[in-house]
Amino acid sequence: MPPIVSKDYKENKKKLILQSALECFAQKGFVATTVSDIGKRSGLSKGSIYNYFDSKEAIYFKLLNATTERNKTDITSNFAKLRSSISKISFLFDIYLKLAPIEAKQTETIVLFYEFTFHCVRSEKLLDFMRERGNFLLNLIKETIEQGKEAGEIDENIDANLYAHKFWMIIDGVSLQSISRHFHYYDVLREMKEMYLEEIRKK
Amino acid sequence: MPVVKEDYREEQRLKVLKGAFECFYKNGYELAKMDDIVTESGISKGTIYKLFKSKEEIYIQLIEHISNVFLEELKQIVSQYQTSKEKIAALYTDYLLHGKEGNMKKSFIVQSEFELYSSRQAGFNEYLDKLRKTKNQFISDLLTEGIQSGEFKKELDVTVYAEIFWSFVSGIMTQQLLYSNLSFEQIVNEEKKTFLKKICVEA
């Protein structure tokens, strides 16, 4: 009879792999990191890592999904407290205005995320994963805009889908620019937020 | 004759850069092999190493080259217009909408990946700063001219607005990579209107 491996044991191993992978990615970059590197850092063999994850892409997706899930819960509970569509969208911008991309840790996260995004551009399959991940928030903004139109807060000519993407365009733009230490992250994002809200608000 | 020799050397250098550009675009810098650059450029490995110390040096020179060519293109575009307002508008229409399309996507990926890479490399900050500074300066100079000619608002923060412009470019290019069916043209045209409305003195 094979030894019984407890669920806890497996979970702990998984956690260890995820943590070690994150450290490797942050230090060397996603593309340059190999599964062997992750093995070395976690003290596991390459083979045993493959018992838990198919690829380093799968490892990063797992890390990413954990953050996304946390954000979803946070956003959903805050949205429940907010009345108007404009204040909901404003809240989404404020999440990013509260970040501190100047801090090394945050820059690291941003750099890793976009390194991975550009890596995905080279594979349709990975791109699909990325798009799927973004769907929750895209749909949330779309719905919020539609509700705002019905409530007479938001201009009825606004294309909800387009403006959902425009929101992400702003976030992607300022995040990518923020890896330079001279970038005026808050001033730029605050101004772009105002421009966005001005555009959608019912005149 | 030494002059011919210099020309020949430069011609070879550019061929290597062009080959490297294709390789870095296809597989990313980290995964691109010197052998790939040899194949793509048709220049022998021995010659490449006479011209460049390392793959990294090719990377640095390539980015400098792309950035110079790009800036020349922008200067060329705006030089065809008289007023500052027309010049800014031309950045959206003549460059973003009618620029060399395929090349723009490739350059964006290669340049962005360089920026991400350089944020992790010790001693690379100066390259990142220089790249950003040249681009920002170009826009902020145009904005300053417009203020002096009375077309743009006196109180306009030219640094922040230059950064808004580049944030928009990074943002739209990234969203476009993820969602190729987005209406690029509509977004660019709307952004042009919003941006101009913000910076121009009201008529």
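Here we look at the overall build of chain B
- Tallying secondary structure elements over chain B gives nine helices and zero strands in all.
- Its helices and strands in sequence order give chain B the pattern α-α-α-α-α-α-α-α-α, from N to C terminus.
- Along the first, second and third principal axes, the C-alpha atoms of chain B reach 65 × 45 × 35 Å.
- Burial statistics for chain B: of 203 residues in total, 51% are counted as buried.
- Counted over contacts in chain B with a minimum sequence separation of 6, partners at least 24 positions apart contribute 67%.
- Approximately 10300 Å² of chain B is accessible, and the part contributed by carbon and sulfur atoms is 50%.
- Across chain B, the centroid of the 28 positively charged side chains sits 2 Å from that of the 31 negatively charged ones.

A few points about the environment of A:Arg41
- Summarising the element assignment, A:Arg41 is placed in helix α2 (residues 35-42).
- Sequence spacing of A:Arg41 and A:Leu16 is 25 residues, and the spatial spacing of their C-alpha atoms is 9.5 Å.

Quick word on the interface of chain B and chain A
- Of the residues lining the interface, 42 residues belong to chain B; the matching set on chain A comes to 46 residues.
- Taking both sides of the interface into account, the surface hidden between chain B and chain A amounts to around 4000 Å²; carbon and sulfur atoms contribute 63%.
- Looking at the side of chain B facing chain A, the largest losses of area belong to B:Leu116, B:Arg120 and B:Leu178, adding up to 17% of the total buried there.
- For the interface between chain B and chain A, the tally reads six salt bridges.
- A salt bridge links B:Lys198 to A:Glu198; the shortest N-O distance between them is 3.7 Å.
- For the pair chain B and chain A, the number of links is 20 residue pairs in polar contact (both at pLDDT 80 or more).
- Broken down by element, the residue count for the side of chain B that touches chain A peaks at 15 residues, all from helix α8 (residues 158-178) of chain B.
- Tallied by class, the residues present in the side of chain B that touches chain A amount to 19 nonpolar, 13 polar and ten charged.

Quick notes on the side chain of A:Lys193
All names here are of chain A.
- Among the secondary structure elements, Lys193 is positioned in helix α9 (residues 185-200).
- Given a relative accessible area of 10%, Lys193 falls into the buried group.
- Residue contacts for Lys193: discarding those within four places in its chain leaves Ser90, Phe93, Asp94 and Leu97.

Analysis parameters
- Residues numbered from 1 in each chain as written.
- Chains lettered and ligands numbered in written order.
- Predicted model: local features only at pLDDT ≥ 70, side-chain atom pairs only at ≥ 80, totals over all residues.
- Heavy atoms only, no water.
- Helix = DSSP H or I, 4+ residues; strand = E, 2+ residues; numbered from the N terminus.
- Buried < 20%, exposed > 50% of the residue type's maximum accessible area, 1.4 Å probe, protein only.
- Contact = heavy atoms within 4.5 Å.
- Areas by Shrake-Rupley, 256 points an atom, 1.4 Å probe, with all protein chains shown as cover.
- Lys, Arg positive; Asp, Glu negative; His and termini not counted.
- Charge placed at Lys NZ, Arg CZ, Asp CG, Glu CD.
- Buried area = accessible area lost by both parts, 1.4 Å probe.
- Salt bridge = Lys/Arg side-chain N within 4 Å of Asp/Glu carboxyl O.
- Polar contact = N/O pair within 3.5 Å; in protein donor to acceptor, adjacent residues only side chain to side chain.
- Nonpolar A, V, L, I, M, F, W, Y, C, P; charged D, E, K, R; others polar.

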